[in-house]
Amino acid sequence: MKFSQGIFYFHTFVKNSDMLSIHYIRENTTEVVERLKLKNFNATQIIDTILSIDIKRRETKKNLEDILAKSNSLAKEIGILFQSGKANEANILKSETTELKQQSKELTEVLDLLEKEQNQLLITLPNLPHSSVPIGKTPEDNILIYSEGSIPQLSDDCLAHWDLATKYNIIDFELGNKITGSGFPVYKGKGAKLQRALINFFLDNAINNGFTEIQPPLMVNEASGYGTGQLPDKEGQMYHVTLDNLYLIPTAEVPITNLYRDVMLKADQLPIKNVAYSQCFRREAGSYGKDVRGLNRLHQFDKVEIVQLQTPERSYETLEEMKDYVASLLRQLELPFRILKLCGGDMSFTSALTYDLEVYSTAQQKWLEVSSVSNFETFQSNRMKLRYKDNEGKNKAVHTLNGSALALPRIVAALLENNQTPEGIKIPKALQAYTGFEIIN
RNA sequence: GGAGAGAUGGCCGAGUGGUCGAAGGCGCACGCCUGGAAAGUGUGUAUCUGCCAAAAGUGGAUCAUGGGUUCGAAUCCCAUUCUCUCCGCCA
């Protein structure tokens, strides 16, 4: 495969991948349609079309392969005849191959077309939601499954984090505007140190919980973007370095999961638990207004991401563990938080089940999403051809899971706002060993 | 960036037009041998996919990727990607 010329080669990897496999759709048609309804996706017509193309496709394939089989055996015979000096007989057989060649050429063209059509339709189908996913269309329909911590009582003159950042001279949004643009803040002094402290705090926690630290590239190629599902759907969300056809990662999920692209694992290697700190780059095209104020939505931000590869049997158990692990970080940071189970309509295209963890940002008086923990089941591994050999020697697709643990900016926002006092901003105990100071003043 | 060499199965490595999905070795699995083990020895050991309810069986595809020449390509031609060596540049 080659990626240097972008769009032109894109079909190459579209061609061989099913996100939902055609086999599954073929054998569980009604179930697929029903479950996609949970995501408010009406698949009836698309699937009908896919299945009728599939019939034609397999028929064509069969015909083509029959012809190829004939050609192969003729070629073999011709070879034997030539070697035993029977050139005349060989030449007679040769003339028989002309028509076969023509036929196979035509059928190949038809088959290519059918495969392309089929895959273009398959690619439009989102991942099947897990059966426990709540019905719903908007964030209002998400289910609150847990909450913890009490919301601090602040005085009426409390400040939002962007004002606190200026007051204590720890984050400079204006400077970022000057040297780059909006959404690229500059962290200074204790603000910078706080960043570094949080990163180390999150990494150390993950390592202590059995995750292996990875330091990935911050740019990825097209195949990687495709593997985790950012391409082709969300192309406009990534910064694209056109000269080299590379993309700045929107999350470490992309390089970390793609480490296992085209890999065949053994059952005893699972689960694989990786953690990575990276800076993340998002164009956030189309988001304007209040929500982007301060640290709420940035073009560049810091995040520690956990990724797990697990067997299908245990992946939901693992999802719960990951959710609880992220909650433990928020608990240590003494932030009031809640956990939501996302409804079908609010889930991402690729996810089968997602929990969002939100912290309360007291001065802004709103909940901020700081982590999203998802099980993608086989959606990504199908795209990436990531499989494992189970104990019976059968190849199966691996389940992939990931979650933020955690994304820094909104954590910082909540820490600043919730912990403001007349004396300054108090650093939670668990973090003090990392910051080396107890208060920002 | 310039010049040259190369890319073969889990790994090493042979293979320059025909019966090659690919010798040989290592590794791995199972068996024999052994009191047990090592050594020795025998057998097996890729992936995707079509037909089939499934297994068996059988067909197709795959020797970096894509295309071409040919009745026939791991082998010849073209393009691309990557790796290595030397030179240049450089944190």
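Since this is a predicted model, take the numbers as computed values, not measurements. One numbering rule holds for all chains: residues counted from 1, following each sequence as written. Written order determines the labels here, with chains lettered from A and ligands numbered from 1. Under the rules for a predicted model, residues below a pLDDT of 70 receive no local features and side-chain atom pairs below 80 are neither given nor counted, while totals for whole chains, interfaces and linings still include all residues. The basis for every side-chain value is the complete set of non-hydrogen atoms in the structure, without hydrogens or water.

Of regular secondary structure, chain A possesses 14 helices and 19 strands. Expressed along its principal axes, the backbone C-alpha trace of chain A runs to roughly 100 × 45 × 45 Å. Burial classification: accessible surface area is computed with a 1.4 Å probe over protein chains only, and a residue below 20% of its type maximum counts as buried, one above 50% as exposed, and the rest as partly exposed. The buried share of chain A, reckoned over its 441 residues, is 49%. For chain A, long-range pairs separated by at least 24 residues make up 74% of all intrachain contacts whose partners lie at least 6 apart in sequence. Accessible surface computed for chain A: about 21600 Å², of which carbon and sulfur atoms make up 50%. Secondary structure elements follow DSSP: runs of H or I of four or more residues count as helices, runs of E of two or more count as strands, with numbering from the N terminus. Between two residues, a contact is recorded if the distance between any of their heavy atoms is within 4.5 Å. Per-residue and other accessible areas follow the Shrake-Rupley method at a 1.4 Å probe size, with only the shown protein chains counted as cover for residues.

The patch calculation keeps residues exceeding 30% relative accessible area without a salt bridge and links them within 9 Å when they carry like charges or within 5 Å when they are nonpolar (Val, Leu, Ile, Met, Phe, Trp, Tyr). The rule for a salt bridge is simple: a side-chain nitrogen of Lys or Arg has to be within 4 Å of a carboxyl oxygen of Asp or Glu. Together, Ile 143, Ile 145 and Tyr 146 line one region of the surface with nonpolar side chains, adding up to about 240 Å² of accessible area. Its location among the elements puts Tyr 146 in strand E1 (residues 143–148). Look at Tyr 146 and you get partly exposed, because its relative accessible area is 35%.

Along the chain, the position of Pro 216 falls in the loop between strand E4 (212–214) and strand E5 (219–220). Residue classification places Pro 216 among the buried residues on the basis of a relative accessible area of 11%. For the pair Pro 216 and Ile 425, spaced 209 residues apart in the sequence, the C-alpha separation amounts to 33 Å. Excluding residues that lie within four positions of it along the chain, Pro 216 makes contacts with Pro 255, Ile 256, Ala 276 and Tyr 277.

Membership of the largest hydrophobic core comes to 62 residues, with the highest contact counts inside it found for Leu 198, Phe 202, Ile 306, Leu 330, Val 359 and Ile 411. Ranked by residues supplied to this core, first place goes to helix H11 (residues 315–332) with eight residues. Residue contacts for Leu 198: discarding those within four places in its chain leaves Leu 333, Leu 408, Ile 411, Val 412, Leu 415 and Leu 431. Working definition of a nonpolar core: buried Ala, Val, Leu, Ile, Met, Phe, Trp, Tyr and Cys residues. They are joined through side-chain atoms within 4.5 Å. If you look at the next biggest cluster of nonpolar residues, it comprises 13 residues, including Leu 20, Ile 25, Val 32 and Leu 125.

With respect to topology, three strands assemble into an open sheet ordered E8-E14-E15, the strand pairing being mixed. In this open sheet, the two strands that pair with only one neighbour each are strand E8 (264–266) and strand E15 (395–397). Averaged over all adjacent pairs, the angle separating strand axes in this sheet is 35°, with direction ignored. As paired elements, strand E14 (residues 387–389) and E15 share three bridges and run antiparallel to each other. Residue Tyr 388 lies in a different strand from E15, and its bridge partner there is Lys 396. Pairs of strands are assigned from DSSP output, requiring at least two bridges between the strands. All axes here are fitted lines through C-alpha atoms, helices being fitted over the stretch that makes contact, and every angle between N-to-C directions spans 0 to 180 degrees.

On to helix H13 (residues 408–418), then. With respect to burial, H13 is a largely interior element, 10 of its 11 residues being buried. Listed as buried for H13 are Leu 408, Pro 409, Ile 411, Val 412, Ala 413, Ala 414, Leu 415, Leu 416, Glu 417 and Asn 418.

The next point concerns unusual backbone geometry. Cis rather than trans, the peptide bond between Leu 270 and Pro 271 has omega equal to -5°. For the bond running from Ala 405 to Leu 406, omega is 5°, close enough to zero to count as cis. Inspection of the secondary structure puts Leu 406 in strand E16 (residues 399–407). The phi dihedral of Asn 169 is positive, around 55°, even though this residue is not glycine.

As a further point, take the confidence of the model for chain A. The pLDDT averaged across chain A works out to 88; a share of 95% of its residues lies at or above 70. When the criterion is pLDDT under 50, residues 1–18 qualifies, and its contacts beyond four places in sequence or with other chains add up to 34 contacts. Listed scores for the predicted complex are pTM 0.88 and ipTM 0.86. Summary of the metric used: pLDDT quantifies the predictor's per-residue confidence within the range 0 to 100.

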